[in-house]
Amino acid sequence: SVVVKKDDRYFVYTKGAPEFVLNVCKTTPQEVLQATHAFATQALRTLGFAYKELSAAEYEKQKDNHKLLESDLTFVGLQGMIDPARTEVKPLIESCQQSGISVIMITGDHIETAKAVALEIGITGEALAGEALEKMTDVQFAATVENVHVYARVNPATKMRIVAALQEKGHIVAMTGDGVNDAPALKKADIGIAMGITGTDVAKEASDMVLLDDKFSTIIAAIEEGRGIFHNIRKFVIYLLSCNIAEVVVVFIGVVILQELVLTATILLWINVVTDGFPALALGLDPAEKGILRYNPQTFQTEIIKKNNWIEMLLSGVLLGGLIIMVYLVSLPQGTLFAQGAAFSALVLFEMVMLYVIRSGYRVSFFSNKWLLLSVLGTILLQVVILYTPVLRELFAVGSISLTTWLLILVAAVWLWLACVVLHRLFVPFLSRRGLE
């Protein structure tokens, strides 16, 4: 409300939500209520206008009492405004719902407007007005909070209550907001997200993140990117541990059973720093798999390496190590250096195969990561240079291998790929039936 002086008269002009403006008017025309409801059901935000005229004496009596100034008004008009939803919002909300992420709309608009907007953008579920929520006990609200997806006419305390109730139900709550009145709920939420363009400094300070472009789509993109990082960490760890288990198997069998050093210290150092290192780093740059939002959020709220991953890594590592020992033994009649060169080359090639075996469990294109391709090709090229350059061959204490041995290694690599794929397809359902996955 504002007070405007004109000559010796004072005019109080008031605007606001129609139901609140009508509460301070002399009369409540029924047609205004009907028009307000009609506007709201069309997703229009409504604004009511009223005024009253005061003499100088009347104003002097009322000027220190705001409630008295905002009373006995005359309703003069109703306005309907629309703030259309962005076209990309509806499909994004559908993606969230498919992945088990519940999108809840909290607004200061009329409940009918909120319901109409929610229907337009694909948010389903019950709607609840702030006034009705305030009358509920904590027990009553807790019983219905998971069914309500639209809240209207809420105040800052109510927003806090919504966040707290969802957290008590075990949900991880992300809250977005831009105003000062959003700050308490942003602080209370597990992840507070403030708007970078329209957001107030108070909201930004209370938040964990600031959305620089104020777009809902950016939040979804961030969720997708985060899930992709989770998968990449898992791939990275599985690759390194599988290969290290294989190296341990080879060294153990060589020293304890064969009484020979299959892989020298120089070879092992090279493998761990170069052959394992660069491809593993490139693996961390994999794009998020297509359709990653279809997964339930609980999939990414668990340990990086689960029980089935540990068992699969152990079996894959033993299989890989066993194949390297086989290549070594087949090549041993041609000399120890030759056999060590064959085992060294087999280990390098098999580890490159393991990279793509691990990636095959995700919806990622073979050529989607150029850095991985470059690191694999570079690693294989370096291996060829080591084998056929006398100085490097002497440094690594290996011999150059024949084309026949290369063919043997390639056949073994194909067999490794097939064995790992079959192992995964048979082993994972076996673990799932026993609750180990």
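Check the entry above for the structure.
Residues numbered from 1 in each chain as written. Predicted model: local features only at pLDDT ≥ 70, side-chain atom pairs only at ≥ 80, totals over all residues. Heavy atoms only, no water.

A look at the sheet that holds strand 3 (residues 45–55)
- A sheet is described by the order of its strands in space; here four strands give the open sequence 1-2-3-4, paired in antiparallel fashion. Every interior strand has two partners, whereas the edge strands, strand 1 (2–6) and strand 4 (74–81), have only one. On average, each strand axis in the sheet is inclined to that of its neighbour by 20°, with strand direction left out of account.
- Pairing of strand 3 with strand 4, which is carried by seven bridges, proceeds in the antiparallel orientation. Paired with Gly48 across the bridge in strand 4 is Leu78.
- Strands in contact with helix 2 (residues 30–41) are strand 3 and strand 4; relative to strand 4, the strand with the most contacts, it is inclined by about 10°. (Pairing = 2+ DSSP bridges. Helix = DSSP H or I, 4+ residues; strand = E, 2+ residues; numbered from the N terminus. Axes fitted to C-alpha atoms, helices over the stretch in contact; angles between N-to-C directions. Contact = heavy atoms within 4.5 Å.)

Overview of the environment of Gln62
- Mapping Gln62 onto the fold places it in helix 3 (residues 56–62).
- For Gln62, a relative accessible area of 14% gives the class buried.
- Once you skip the residues sitting within four places of it in the chain, Gln62 turns out to touch Lys52, Leu54, Leu68 and Leu69. (Buried < 20%, exposed > 50% of the residue type's maximum accessible area, 1.4 Å probe, protein only.)

Thoughts on the packing of helix 13 (residues 265–275) against helix 16 (residues 336–359)
- Here helix 13 crosses helix 16 at 20°, and the two axes come no closer than 11 Å. Between helix 13 and helix 16, the angle falls in the class roughly parallel. For the crossing formed where helix 13 meets helix 16, the hand is right-handed. Listed contacts from helix 16 to Ile267, Trp270, Ile271 and Thr275 of helix 13 are Phe344, Leu347, Val348, Glu351 and Met352.
- Of the residues contributing to the contact of helix 13 with helix 16, the split by class is seven nonpolar, one polar and one charged. (Parallel < 35°, antiparallel > 145°, perpendicular 65-115°, else oblique. Left-handed = near helix turned anticlockwise from the far one by under 90°. Nonpolar A, V, L, I, M, F, W, Y, C, P; charged D, E, K, R; others polar.)

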